[in-house]
Amino acid sequence: MTLFKSNTGRLHNQIYLSVIVSYFSMALVVIFPGALIIVSSGGHAALYLLLFSIIGLWLQGKSNRLARGERIFIILFITYFLIHILSFWLFDISINELDTPSRFLLVLPIYFYLRNKAEFISWLYVGLIFGAIGAGLISMYQFGVEDLGRASGSIEPGRFGLISSALSSMCLVGAIISKKSLTRLLFVLAVCLGLLATFLSGTRGAWLSTVLVIIILIVVIVPKHKFSALMLILSIFVLSHYALMASSNVYIERFIQAELGFADYFSEQTNTWRDDERFNSSVGVRLELYKGAYRVAKRGPIIGFGEGNFDVNLEKLANDGKVSRLVLNYGHAHQEYLTTLVEQGLVGLISLLSIFIYPIIFFKKYLKSSNHDLKLLSLIGSVLPLNYMLFSFTSGSLDHQSSTLFYALMTVVIFSLLHAKLMQISLKSSKE
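Remember, it's a predicted structure, so these values are computed and weren't measured experimentally.

**Describing the pattern of salt bridges**
Applying the stated criterion across every chain yields a total of 6 salt bridges. Across the salt bridge formed by Glu156 and Arg159, the nearest N and O atoms sit 3.0 Å from each other. One salt bridge in this structure joins Lys421 and Asp373, with 3.5 Å as the shortest N-O distance. On the criterion of sequence distance, the pair formed by Lys421 in helix H16 (residues 401-431) and Asp373 in helix H15 (residues 372-391) is long-range, its members being 48 residues apart. With relative accessibility at 12%, the residue Lys421 sits in the buried group.

Right, here's the structure in full:
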């Protein structure tokens, strides 16, 4: 009898602890998107979610068998990290270089825990809305009150622009797909403020990727009967930013800088620049780095030269007069694909493309689902890597901890919750 009571008490305690872990994890899913870019220690939310996920897995016991799509997804994430391990071993680079790619490995326990938490789906939407709104509010404060030239939240302006762009793009999908008026209104507000944060960051790569994602949504993804809703959102966006442009030169200045930099780079001599000064502009530096990265990559196309070795090889080209010395000491090619090609070669580039493209391929089968959550999750899950892929053409998307953590964790959360919804639907069908 005593033993029975002891086992019963232990079971009750385990249930209570499971509920507590579940609620805290749910709260962290909501907090993470905004906290990462607004609070200086916002990345700790991911660490706490990892700890609660490990505890939850221990309490949960045996889990359902992984589906084929899940296994591929997990293998791709692990492979991405293992390729960096290989590079570390081959080129004797600093172990600190493994810190950023390790995010793809560390988020996997979160995946295993959340793949049975279909009740978290609505809270993911809340997290996206709060994150985009928070990004917009802090960007207005930094730009209007603190008089900063570029809004950056608690991170670097480029990464702030990228994450704000991703949040606004995902909320745009929610605004298009959502059926409830209040939910749609909140998503519309999030879109406007998220886009505002993107533009106030002064990150031209994020501006470009945002516009391209919107165009793709219009042409490929958005159903015709939802077109009017999208037009409403775009109208609000255009009017709000027209007012901003009327009182600020940030847009015009950044575009003029890009135009002049591009023209001067391809001009052998201009009236306003000495020959080498054409490499001083942001665009000029990028174009010269792209040229140098391509030539470096040709020397080690299969496995590259390892992280941190770009400048060493670029200096050899500079000594031969093949690139300007003014672009030395940048440390990377200012473009994710070329940087990866230089550092991990074709092996690394294929792995990078895989973690971007596979989620889009996987989610494609649910884009026309009759289930609202499956359709919305698949659209959000497709827009996120699409945004990162486009941004990667003009800058590094996975070369900073914040942007890498955002992509790895948000992809894991979306992927796991979609699986949880599939399990829920399957279980409901079997009971009927």
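**Describing helix H14 (residues 336-364)**
The terminal C-alpha atoms of H14, which comprises 29 residues, lie only 25 Å apart, well short of the 42 Å expected from a rise of 1.5 Å per residue. Along H14, the helix axis deviates most sharply at Gln344, where the bend reaches about 130°. The N-cap residue of H14 is Gln335: its side-chain oxygen and the backbone nitrogen of Tyr337 are 3.1 Å apart.

**A short note on the environment of Tyr141**
Examined against the element boundaries, Tyr141 turns out to sit in helix H6 (residues 121-145). For Tyr141, a relative accessible area of 43% gives the class partly exposed.

**Topic: the nonpolar core**
By size, the foremost hydrophobic cluster in this structure holds 119 residues, and its most contacted members are Met170, Tyr388 and Phe406. Ranked by the residues each element gives to this core, the list is headed by H16, at 13 residues. When sequence neighbours within four positions are dropped, the list of residues in contact with Phe406 reads Phe32, Pro33, Leu36, Ile163, Ala166, Leu167, Met170, Leu384 and Tyr388.

**Details of the side chain of Arg115**
Inspection of the secondary structure puts Arg115 in the loop between helix H5 (108-114) and H6. The exposure class of Arg115 is buried, given its relative accessible area of 1%. Those residues in contact with Arg115 that sit more than four places away from it in its chain are Ser63, Asn64, Arg65, Leu66, Glu70, Ser416, His419 and Ala420.

**Brief notes about the side chain of Ser395**
Assignment of secondary structure puts Ser395 in the loop between H15 and H16. Look past the residues within four positions of Ser395 in its chain and what remains in contact with it is Arg159, Arg286, His334, Gln335 and Glu336.

**Section: helix H2 (residues 44-60)**
In this model H2 runs 24 Å from its N-terminal to its C-terminal C-alpha over 17 residues, within 8% of the 24 Å that 1.5 Å per residue would give. Here H2 has its buried residues at Ala45, Ala46, Leu49, Leu50, Ser53, Gly56 and Leu59.

**Thoughts on the packing of helix H3 (residues 68-91) against H14**
Packed helices, taken two at a time, are described by the angle their axes make and the gap between the axes. Running from amino to carboxyl end, H3 crosses H14 at an angle of 160°, the nearest separation of the two axes being 10 Å. Relative to H14, H3 is oriented roughly antiparallel. The handedness of the crossing between H3 and H14 comes out as left-handed. Contacts between H3 and H14 pair Gly69, Ile72, Phe73, Leu76, Phe77, Thr79, Tyr80, Ile83, His84 and Ser87 from the former with Glu343, Gln344, Val347, Gly348, Ser351, Leu352, Ser354, Ile355, Tyr358 and Phe362 from the latter. Across the contact of H3 with H14, the residue classes tally to 11 nonpolar, 8 polar and 1 charged.

**Quick look at the environment of Pro359**
The residue Pro359 is located in helix H14 in this model. Considered as a pair, Pro359 and Leu384 are 25 residues apart in the sequence and their alpha carbons are 9.3 Å apart. Dropping the residues within four chain positions of it, Pro359 is found in contact with Ser354, Gly381, Pro385, Tyr407 and Thr411.

**Regarding unusual backbone geometry**
Unlike most non-glycine residues, Asp147 shows phi in positive territory, near 60°. For Asp147, the position within the fold is in the loop between H6 and helix H7 (157-177). Not every positive phi belongs to a glycine, and His334 is a case in point at roughly 60°. In this fold, His334 is placed in the loop between helix H13 (310-319) and H14. By relative accessible area, His334 is classed as buried at 17%.

**What about the packing of H6 against H15?**
At their nearest, the axes of H6 and H15 sit 11 Å apart, and the two run at 40° to each other. Between H6 and H15, the interaxial angle falls into the category oblique. As for how H6 packs across H15, the hand of that crossing is left-handed. Between H6 and H15, the contacting residues are Ile121, Leu124, Tyr125 and Leu128 on the first element and Asp373, Leu376, Leu377 and Ile380 on the second. Along the lines of polarity and charge, the residues of the contact of H6 with H15 split into 7 nonpolar, no polar and 1 charged.

**Things to note about the packing of aromatic side chains**
Tallied over the entire structure, the rule returns 19 aromatic pairs. Ring geometry for Phe77 against Phe104: centres 4.9 Å apart, planes inclined by 80°, an arrangement best described as edge-to-face. Of this pair, Phe77 sits in helix H3 while Phe104 sits in helix H4 (residues 103-106), and the two are 27 residues apart along the sequence. On the basis of relative accessibility, which here comes to 1%, the residue Phe77 falls in the buried class. Here Phe104 falls in the buried class, since its relative accessible area comes to 0%.

Criteria and thresholds
- Residues numbered from 1 in each chain as written.
- Predicted model: local features only at pLDDT ≥ 70, side-chain atom pairs only at ≥ 80, totals over all residues.
- Heavy atoms only, no water.
- Salt bridge = Lys/Arg side-chain N within 4 Å of Asp/Glu carboxyl O.
- Helix = DSSP H or I, 4+ residues; strand = E, 2+ residues; numbered from the N terminus.
- Buried < 20%, exposed > 50% of the residue type's maximum accessible area, 1.4 Å probe, protein only.
- Expected span 1.5 Å × (residues − 1).
- Bend = angle between axes of the 7 residues up to and from the residue.
- Polar contact = N/O pair within 3.5 Å; in protein donor to acceptor, adjacent residues only side chain to side chain.
- Core = buried A, V, L, I, M, F, W, Y, C linked by side-chain atoms within 4.5 Å.
- Contact = heavy atoms within 4.5 Å.
- Axes fitted to C-alpha atoms, helices over the stretch in contact; angles between N-to-C directions.
- Parallel < 35°, antiparallel > 145°, perpendicular 65-115°, else oblique.
- Left-handed = near helix turned anticlockwise from the far one by under 90°.
- Nonpolar A, V, L, I, M, F, W, Y, C, P; charged D, E, K, R; others polar.
- Phe/Tyr/Trp six-rings, centres within 6.5 Å; stacked < 30°, edge-to-face > 60°.

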